[in-house]
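If you want the building blocks of each chain, they are given just below.
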Amino acid sequence: MTARQASVILAVGLAFGLGVIYEWGPLNGFFSLTKWEWPWQDLGIIQMGLALLAPFLLIVGVAWSVDRPASRVPMWFWLAALVIANFCFQLFSVLADPRGPERIMQIVSSANATSYFTDALTIQHLRDWLSHFDRATLHGHSATHPAGPIVFYYVFARLFGPDVGALLGGCAVGLVASIGIVVMYHFAGLWTWDKRARLLASAFYALLPGLTVFFPELDQVYPIFSMLLILTFVKALSASNAWYRYALALGAVLFAASFFAYNLLTVGAFLLYYGMWWLWREGRAGAAAFTVIRTAAVSLIAAALLYLLLWATTGYNPPSALRHALKMQDATARWLGRPYHVFVLPDLYDFSLAAGIIVIPILWFHLSKLRDEFKANPNGMALTLIGLATVLTVDLSGLLRGETARVWLFLQPLLVVPVAVELARVRWPWRVSILTLQWWILVLIKAKMSFIEP
């Protein structure tokens, strides 16, 4: 990336930030087209900036270490620092809210904002409830999801009671979401072996506005599932002796992911595209096809066996639960009335909003060197293109329409890694300027837009 390109990125980010400060209409959701938006609010930009300054300086310190000669400081230390910084972003942003920290408990307990905790409080006997889950009366988001989120909050409600359970459950969601930074470091290893770029990917991931503004929502955790699904699948294809371990791990992740959110199944588009690319790369040989088939078969069998075990012990019926969720999703979609042709482009914008907007010019400059990038790192560039193709597939399919800043949060890692690869090539002064701008956009979005209302 050249200095001129970095200047363009800064200009785009500053222009967007100015628009947010003055509440320019389309920036919070294109209401004139979609009849839906993230409402404007004013939590105090300066107050929010001061609250989020310390964790940002910690991230800058980690990013600064990327340019330093190799030291004896272990990688886990830097990753732990990023995890702490991201969790502090979430907590401090709530503490800076004039409505106070009890807002965490209010959001988790709200039947409108999440509804999982609300439904968890109605459970008398967990096993009986799971056996009748496909016929249970559920509220809000619970009606279109599997049982996982409700079971998660049921544990906290039973251990700590309604009030403390809601507070600790919400904080647990934020902490688990922050641990995704460690997963990101390993996920970025699919693109590059350069530890500098991988650590930078984790740092940029920590600065994603979507991970902070949706606290405490389980959507923050779902990128971990998507990264693990992709990571285990790619590893299973490339590994020789240990392929079955990755295939079994893929099956376990698939089971867990589909027990929490059905929208994560759309990651299958990435696995399909990568499988096709891998076959082409291997010369479409019979052995390569067998590798793909055996990986898919073992992982699906492993996931099915786990569900069979769940059914045998609790009576939980996955097919009936899925049919019920699809039925409720269809009813919800008709009630919301979100036309396909209207939301195609606004959904992509909303997705970019959760990423911080400046990912758009960074990705553009990265893709402008497509031919050279493909020659230098064909698999890494293929992963980038497949990732973007997956985002477009989800968008054009119309399966997950509206509120994509939240609903598509699990796809954000597909943007973060190529962005980090590009930023790793920028000189330190430009890099820290771009990271600072990303932090400033996070501050503005949190202070000026309301993403969750109890």
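Here, every reference points to the structure presented above.
Observations concerning the overall build of the chain
Item 1. Helix and strand counts for the chain come out as 24 helices and zero strands.
Item 2. Relative to the 2.2 N^0.38 estimate, which gives 22 Å for 454 residues, the radius of gyration of the chain is 22 Å and therefore close to what a compact globule would have.
Item 3. If you line up the chain on its principal axes, its C-alpha atoms span 60 × 60 × 50 Å.
Item 4. Total accessible area on the chain stands at roughly 19300 Å², and carbon and sulfur atoms take up 68% of it.
Item 5. Side chains of the chain give 31 positive and 23 negative charges; the mean places of these two sets differ by 10 Å.

Here's the deal with the pattern of salt bridges
Item 1. With the rule as written, the count across this model stands at 15 salt bridges.
Item 2. Ionic pairing is found between E282 and R281, a salt bridge with its closest N-O pair at 3.4 Å.
Item 3. Looking at E282, the relative accessible area reads 37%, which means it is partly exposed.
Item 4. Under the relative-accessibility criterion, R281 is labelled partly exposed at 36%.
Item 5. For the salt bridge of R425 with E422, the shortest nitrogen-to-oxygen distance reads 3.3 Å.

Focus on the layout of surface pockets
Item 1. Estimated volume of the largest pocket: approximately 1400 Å³.
Item 2. Along the wall of the largest pocket there are 46 residues; nearest its centre are H141, Q329, E403, R406 and V407.
Item 3. Mapped onto the lining of the largest pocket, the elements with two or more residues apiece are α17 (318-336) and α22 (404-407).
Item 4. The greatest single-element share of the lining of the largest pocket, amounting to 11 residues, is contributed by α17.
Item 5. Broken down by class, the residue content of the lining of the largest pocket amounts to 25 nonpolar, 12 polar and nine charged.
Item 6. Looking at the second largest pocket, its volume works out to about 570 Å³.
Item 7. Contributing to the lining of the second largest pocket are 26 residues, with L254, L265, G268, L271 and L300 lying nearest its centre.
Item 8. The set of elements that each furnish at least two residues to the lining of the second largest pocket consists of α13 (222-238), α14 (243-260), α15 (268-281), α16 (286-314) and α17.
Item 9. At seven residues, the largest contribution of residues to the lining of the second largest pocket is made by α16.
Item 10. The residue inventory of the lining of the second largest pocket, partitioned by class, reads 22 nonpolar, four polar and no charged.

Cut-off values and rules
Residues numbered from 1 in each chain as written. Predicted model: local features only at pLDDT ≥ 70, side-chain atom pairs only at ≥ 80, totals over all residues. Heavy atoms only, no water. Helix = DSSP H or I, 4+ residues; strand = E, 2+ residues; numbered from the N terminus. Rg over C-alpha atoms; globule rule 2.2 N^0.38 Å. Areas by Shrake-Rupley, 256 points an atom, 1.4 Å probe, with all protein chains shown as cover. Lys, Arg positive; Asp, Glu negative; His and termini not counted. Charge placed at Lys NZ, Arg CZ, Asp CG, Glu CD. Salt bridge = Lys/Arg side-chain N within 4 Å of Asp/Glu carboxyl O. Buried < 20%, exposed > 50% of the residue type's maximum accessible area, 1.4 Å probe, protein only. 1 Å grid on protein atoms, 1.4 Å probe; cavity = no way out; pocket = protein on both sides within 12 Å on 5 of 7 lines; lining within 4 Å. Points joined across faces, edges and corners; volume = space filled by probe spheres on them. Nonpolar A, V, L, I, M, F, W, Y, C, P; charged D, E, K, R; others polar.

Geometric values such as these leave the question of function open.
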